[in-house]
Amino acid sequence: MTETLPDTPILDRLRLDGRRALITGAGQGIGRAFAHALGEAGASVAVIDRDGDRAAAVVAELEAKGVTALALAADVTADDAARDYVDSVLRALGGLEIAVHNAGVNRNSAAEDTSPREWDEVFALNTRAVFLGCQAAARPMLAQGYGKIVNTASMASLIVPHPQKQAAYNAAKAAVVQLTRTLAAEWADRGVRVNCMSPGIIRTALIEQSPDLAPLVAQWLEQIPLGRLGEVDDLQAGIVYLAGGASDYMTGHNLVIEGGQTLW
């Protein structure tokens, strides 16, 4: 038996022309890089961020590249936020095929010092908002029989990063991975693929400008086999793959991009 190969070239199968995407936490850092990647691959992109000015700035960058883009300000932890931003995307872009739930937070406190309020805040954004976002995005996707959902988890779902203390964050991101697997199983037979990405330590302003985290870089570099921190562009090809037709036979997967740090 000779396997049949698709007529469409592989690079064309990575194109996202005609697709409509939303990304939460897209006003800076990893989310901003995701917005540029999906836009450059051909998708129309809704940039969602708590800071509306940041979202608008990213939209201006995308429009300068010829990408159709929409800025939306939203606190994704609010009960109705996901329903509202999905409805806004459907009205403005005419549909939704790709949803990337990327907004997150880390408080970096020792377990014995983590208050119930801080624990709840970390889970509200990193886990609860991801579930509500998946739920809202899945409704039109299930109705049309197709969709790609990608959730941002973390290397912290696989190992306990150190020396920083972050019990709430580690637990919340591990929950995102199991949530992703659960939704993937529930929706597999209805055309909706659900995957997640687990970045390692990515060099962003959050690290560089933090008095607590910046001094830890030298120790982190000793833990990473590739010998450097990740850059946001190291994640861009992965998000394009997970968002497009080339990954149609993948669901419930955690794509780990961490320079080999989980190997040791």
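In this text, all values refer to a predicted model and were calculated from it rather than measured experimentally.

> Provide a residue-level description of the pairing of strand 1 (residues 20–24), including the pertinent values.
Look at any regular strand and the pattern is simple: side chains alternate between the two faces of the sheet. Here strand 1 lies mainly inside the structure; five of its five residues are buried. Assessed by its sense of winding, the connection that carries the chain from strand 1 through helix 2 (residues 29–40) to strand 2 (residues 44–49) is right-handed. As paired strands, strand 1 and strand 4 (residues 98–101) are joined by three bridges and run parallel to one another. Among the inter-strand pairings, Ile23 is bridged to a residue of strand 4, identified as Val100.

> How would you explain the packing of helix 2 against helix 3 (residues 52–64) if you had to name every residue and give the values?
At a closest axis distance of 10 Å, the pairing of helix 2 and helix 3 adopts a crossing angle of 25°. Considering the angle they form, helix 2 stands roughly parallel to helix 3. Here the hand of the crossing between helix 2 and helix 3 comes out right-handed. Contact with helix 2, carried on its side by Arg32, Ala35 and His36, involves Val58, Glu61 and Leu62 of helix 3 and no other residues of that element. When its residues are assigned to classes, the contact of helix 2 with helix 3 shows three nonpolar, one polar and two charged.

> I'd like to hear about the side chain of Thr180, residue by residue, with values.
Structurally, the position occupied by Thr180 is in helix 6 (residues 167–187). Judged by its relative accessible area of 0%, Thr180 falls in the buried class. Residues in contact with Thr180, not counting those within four places in the same chain, are Asn151, Val194, Asn195, Cys196 and Gly252.

> Quick one: what's the story with unusual backbone geometry, residue by residue and with numbers?
Cis peptide bonds are those with omega within 30 degrees of zero, and the linkage from His162 to Pro163 qualifies with 10°. The residue Pro163 is located in the loop between strand 5 (147–152) and helix 6 in this model. Phi is positive for Asn108, which is not a glycine, with a value near 50°. Among the secondary structure elements, Asn108 is positioned in the loop between strand 4 and helix 5 (116–144). Asn108 gets classed as partly exposed once you look at its relative accessible area, which sits at 26%.

> Before we move on, could you go through the pairing of strand 2 and cite the residues and values that matter?
Burial analysis of strand 2 places six of its six residues in the buried class, which makes it a mostly covered element. Here strand 2 shows no split at all, with Ser44, Ala46 and Ile48 on one side and Val45, Val47 and Asp49 on the other all buried. As paired elements, strand 1 and strand 2 share five bridges and run parallel to each other. Looking at strand 2, one finds that Leu22 is bridged to Ala46. In this fold, the crossover linking strand 2 to strand 3 (residues 69–73) by way of helix 3 has right-handed handedness.

> So what about the environment of Ala26? Which residues, and what values?
Topologically, Ala26 is positioned in the loop between strand 1 and helix 2. Judged by its relative accessible area of 0%, Ala26 is buried. Once you skip the residues sitting within four places of it in the chain, Ala26 turns out to touch Gly31, Arg32, Val47, Ile48, Asp49 and Val58.

> Tell me about the sheet that holds strand 6 (residues 192–199), and please be specific about residues and values.
Reading across the sheet, the seven strands line up as 3-2-1-4-5-6-7 and stay open at both edges, with parallel pairing between neighbours. Both outer strands of the open sheet, strand 3 and strand 7 (254–257), are each paired with one neighbouring strand and no more. The mean inter-strand angle of the sheet, taken between neighbouring strand axes irrespective of direction, is 15°. Across the sheet, helix 3 touches strand 2 and strand 3, and the angle it forms with strand 3 is around 175°. Along the sheet, helix 9 (residues 236–243) contacts strand 4, strand 5, strand 6 and strand 7; its crossing angle with strand 6, the most-contacted strand, is approximately 170°.

> Can you explain helix 4 (residues 81–93)? Please cite residues and give values.
Between its first and last C-alpha atoms helix 4 spans 18 Å; for 13 residues at 1.5 Å apiece the expected length is 18 Å, and the two agree. Buried within helix 4 we find Ala81, Ala82, Tyr85, Val86, Ser88, Val89 and Leu93. Considered in projection along helix 4, the buried side chains sweep an arc of 160° and stay on one side of the axis. Check the buried side of helix 4 and you find it contacts strand 1, strand 2, strand 3, strand 4 and helix 5. Just past helix 4, the residue Gly94 takes up positive phi, approximately 85°.

> Explain the confidence of the model for the protein to me, and be specific about the residues and the numbers.
Across the protein, the average pLDDT comes to 96, with 100% of residues at or above 70. Mean pLDDT in the protein bottoms out at helix 7 (residues 205–208), which sits at 80, and peaks at strand 4, which reaches 99.

About the criteria used
Residues numbered from 1 in each chain as written. Predicted model: local features only at pLDDT ≥ 70, side-chain atom pairs only at ≥ 80, totals over all residues. Heavy atoms only, no water. Buried < 20%, exposed > 50% of the residue type's maximum accessible area, 1.4 Å probe, protein only. Helix = DSSP H or I, 4+ residues; strand = E, 2+ residues; numbered from the N terminus. Right-handed = clockwise from strand over helix to strand, strands pointing away. Pairing = 2+ DSSP bridges. Axes fitted to C-alpha atoms, helices over the stretch in contact; angles between N-to-C directions. Parallel < 35°, antiparallel > 145°, perpendicular 65-115°, else oblique. Left-handed = near helix turned anticlockwise from the far one by under 90°. Contact = heavy atoms within 4.5 Å. Nonpolar A, V, L, I, M, F, W, Y, C, P; charged D, E, K, R; others polar. Expected span 1.5 Å × (residues − 1). Arc of directions from axis to C-beta. pLDDT = per-residue confidence, 0-100.

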